[in-house]
Structures are given as C-alpha cells and as structure tokens.
Amino acid sequence: MEAIKVRLRSALLAVCAALLLALPGGLYAKNIYLKTGTIDTDAVPGVAVAAKGKPKLGRGPYLVQLKGKVNDADKQALIDAGAQLVEYIPEEVFLIRAAHSDALHISKLPCVKWMSRFLPEHKQAPDVARAGDRGDRGQFLVTLFPGQDSSHVMSKARRMGGRQIDCSKRAKGDVCRVVLDRSRVRELAANDAVAWIEPYVQPRLCNDAASAISAVPEVRQNLSLFGATQLIGIADSGLDTGDTASLSADFANRLYKAYALRRPGEWSDLNGHGTHI
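Every value quoted in this text rests on a predicted model; they were computed, and no experiment measured them. (Residues numbered from 1 in each chain as written. Predicted model: local features only at pLDDT ≥ 70, side-chain atom pairs only at ≥ 80, totals over all residues. Heavy atoms only, no water.)

Draft legend 1. Expanded view of a nonpolar patch on the surface. Together, Val219, Leu223 and Leu225 make up a nonpolar patch on the protein surface, roughly 270 Å² of accessible area in all. If you trace the backbone, Leu223 turns up in helix α8 (residues 216–223). (Patch = residues over 30% accessible without salt bridge, like charges linked within 9 Å, V, L, I, M, F, W, Y side chains within 5 Å. Areas by Shrake-Rupley, 256 points an atom, 1.4 Å probe, with all protein chains shown as cover. Salt bridge = Lys/Arg side-chain N within 4 Å of Asp/Glu carboxyl O. Helix = DSSP H or I, 4+ residues; strand = E, 2+ residues; numbered from the N terminus.)

Draft legend 2. Layout of the nonpolar core. Counting residues in each nonpolar core, the largest one holds 19 residues, and the members touching the most others are Phe140, Val142, Val153, Leu188 and Ile197. Listed by contribution, the elements that provide at least two residues to this core are β7 (137–144), α5 (150–159), β9 (175–181), α6 (185–189) and β10 (194–199). Ignoring any residue separated from it by four or fewer positions in sequence, one finds Val142 in contact with Asp174, Val175, Cys176, Val178, Leu188, Val194, Trp196 and Ile197. By size, the runner-up hydrophobic cluster in this structure holds 15 residues, among which are Leu66, Phe94, Ala98 and Met115. (Core = buried A, V, L, I, M, F, W, Y, C linked by side-chain atoms within 4.5 Å. Buried < 20%, exposed > 50% of the residue type's maximum accessible area, 1.4 Å probe, protein only. Contact = heavy atoms within 4.5 Å.)

Draft legend 3. Representation of the state of the cysteines within the structure. As enumerated under the stated definition, the model contains one disulfide in all. There is a disulfide in this structure between Cys167 and Cys176, and the S-S distance comes to 2.0 Å. Between Cys167 and Cys176 the disulfide shows an S-S torsion of about 110°. By sign, it is right-handed. With a relative accessible area of 31%, Cys167 lands in the partly exposed category. Given the relative accessible area of 0%, Cys176 is considered buried. (Disulfide = S-S within 2.5 Å.)

Draft legend 4. Geometry of the sheet that holds strand β6 (residues 112–117). Overall, antiparallel pairing links the four strands, which are arranged β4-β5-β3-β6 in an open sheet. Sheet topology places β4 (84–89) and β6 at the edges, where each strand pairs with a single neighbour. Between one strand and the next, the sheet's axes are offset by a mean angle of 30°, whatever the strand orientation. Alignment of strand β3 (residues 59–66) against β6, held across five bridges, turns out to be antiparallel. Among the inter-strand pairings, Tyr62 is bridged to a residue of β6, identified as Arg117. (Pairing = 2+ DSSP bridges. Axes fitted to C-alpha atoms, helices over the stretch in contact; angles between N-to-C directions.)

Draft legend 5. Local environment of the pattern of salt bridges. Going through the model one piece at a time under the given rule, you end up with nine salt bridges. Salt-bridge contacts for Arg186 lead to Glu121; the nearest nitrogen and oxygen are separated by 3.1 Å. With Arg186 in helix α6 and Glu121 in the loop between β6 and α4 (126–130), this pair connects stretches of sequence that are 65 residues apart. Owing to a relative accessible area of 36%, Glu121 belongs among the partly exposed residues under this scheme. When the shortest N-O distance is used, the salt bridge between Asp181 and Arg137 registers 3.1 Å. Of the two residues, Asp181 is situated in strand β9 and Arg137 in strand β7; the sequence distance between them amounts to 44 residues. Under the relative-accessibility criterion, Asp181 is labelled partly exposed at 23%. Assessed through its relative accessible area of 42%, Arg137 is described here as partly exposed.

Draft legend 6. Expanded view of the environment of Val142. Along the chain, Val142 turns up in strand β7. Assessed through its relative accessible area of 0%, Val142 is described here as buried. Residues Val142 and Ile197, spaced 55 residues apart in sequence, show a C-alpha to C-alpha distance of 4.6 Å.

Draft legend 7. Region of the structure containing the sheet that holds strand β8 (residues 163–168). Read across the open sheet, the four strands follow the order β8-β9-β7-β10; overall the sheet is antiparallel. Each having just a single partner strand, β8 and β10 make up the two edges of the open sheet. For this sheet, the mean inter-axis angle between neighbouring strands, taken without regard to orientation, is 25°. Of the pairings in the sheet, the one linking β8 to β9 comprises five bridges and is antiparallel in character.

Draft legend 8. How the structure looks around the pairing of strand β5 (residues 93–99). Within β5, seven of the seven residues are buried, which leaves it mostly tucked inside the rest of the structure. Side-chain alternation along β5 places Val93, Leu95, Arg97 and Ala99 on one buried face and Phe94, Ile96 and Ala98 on a second face that is also buried. Bridging between β3 and β5 involves seven bridges; their strand directions are antiparallel. The residue of β5 that forms the bridge with Tyr62 is Ile96. One ladder, built from five bridges, connects β4 with β5; its direction is antiparallel.

Draft legend 9. The pairing of strand β2 (residues 37–40), seen in detail. As paired elements, strand β1 (residues 31–34) and β2 share four bridges and run antiparallel to each other. Looking at the pairing, Tyr33 lines up with Thr38 of β2. Connecting the antiparallel pair β1 and β2 is a turn made up of two residues.

Structure (structure tokens):
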C-alpha cells in the first residue's frame, strides 16, 4: 500500500511539473478577436509589415498587438512612432493608421509582440466575404477611417462599376451606401481608407406596437381623442440639437419649455433616445 501511495505521489508531481512547464506558453498566448474571426498571433505571422526595398507610399491600417497589458507608456510609444490609434481590439491590440514608411520601426518597438497589415478579409462582414465570388449586385455600407475623404473612395467605387446612393459625415469615419457587384467588394475593401464593409439592410418599423398595447385605437375611435392641443412632459436624455433655433421641423414651434437637469443649460440629446421618444 505504501508503494502505491509513493507511485501516486510521484505521478501527481509529474503532472504538476508538466502543467507548470506548459503554462508559460499558454499563459501568454493571445488571440486577436475580430468581427471576421480569430487570429492566433503565435501561429500566424504578420503580413507585409515592411516589404523589401522601397516602402509603399502613403498611410494605411495595421493591427498591432502588445506584449503585455495596455498601458499609457506603450500607447505613447506607438503615437511617438507615428501611429494613429483608431480602436482597441481584444486582446491587447490596437487598430492603427500609420505611414507605411514607419511600419517597420513600429513593429520593432520593445512593447510590440506582433504586427500585420489590416487586410481586405478583415474588413468585410462574413456574409459579404462568403458571397464574394458571385457577380450579382448588392447594396453595401462602407465605413471609412476617421478623416478619410469619402469622395475619393466613392470615385474609385464608380470606376469599379458601382453607384453611390448617399454618404454621411461622421466623426468616427464617414459612412457611404453604394451599389456594387459582390465580386468587386474585396477590391474596394483593399483601399487603405476603408475600415469596414457590410450589407445594407433596409430599416423596418419595429416600434409601432405600443399604440395597440395601450388601446390607443379604441380611445381615438370611441372618444375622438387624438392628442391635439394637449401639453405633455417627457423626462429623457434630451431633445434634438438642444437649441430652439435649430430644432428639427418635427418639433419646431411645438416646444413649450425645456429643463436641463443633469447638464445645466444644455438639453441637447447626445444619444437619440429622448428625441425618438
């Protein structure tokens, strides 16, 4: 019995030793979690951070994974090396924009574990990429990186046979709706100004159930009450622009009084909920 106990103890010690030996590699292994899938940076080499010879002109997007937890010093090191930090991505990764001529220097920073070009396949919603070999046309939303010129990108889309429907200016990057052959979407995604492409989904009304739940049709029909001339109060996140001179036509000359309870003197709607209500 004593011999069995000794053998069990030895086996347990061997298992513990094996686990301890295996931990460092697994403990520090990190994946990159994109909307298009997962990248194991221990198994996948970075793609074309710096080609041999003369570097590509202009700026482009890159994925940069840090060796440790994100901290201000490492972020500043990236910025000082010429990187524009666009977005944080798990785990310990920044999507950056940088001059292609600075890419090699950034990849060799002491804090950088892995760096790669942000490729066209990283920028396409999975259902777009799966349909990429089809020649039929579809509508797509094309989101640009902050500060990029939408007219330049849409000009390229037109040369691919596409048609621009509209573009909206946004601080986090313009968003354009285009009609384009699915087989050309990857080509458009390869543009360094493009951050993301997804199918356009026609909005549909989803908030028209409240009146039936509240029996509003019966009140209108039986009592002829439609809300005309009634004064109502709404406490929410704000209203439109927060300025009576520039309110939407939906509210023009209908606002009686606004009270700013959380932001003194400022009752604009920062997230749209109050305006929607």
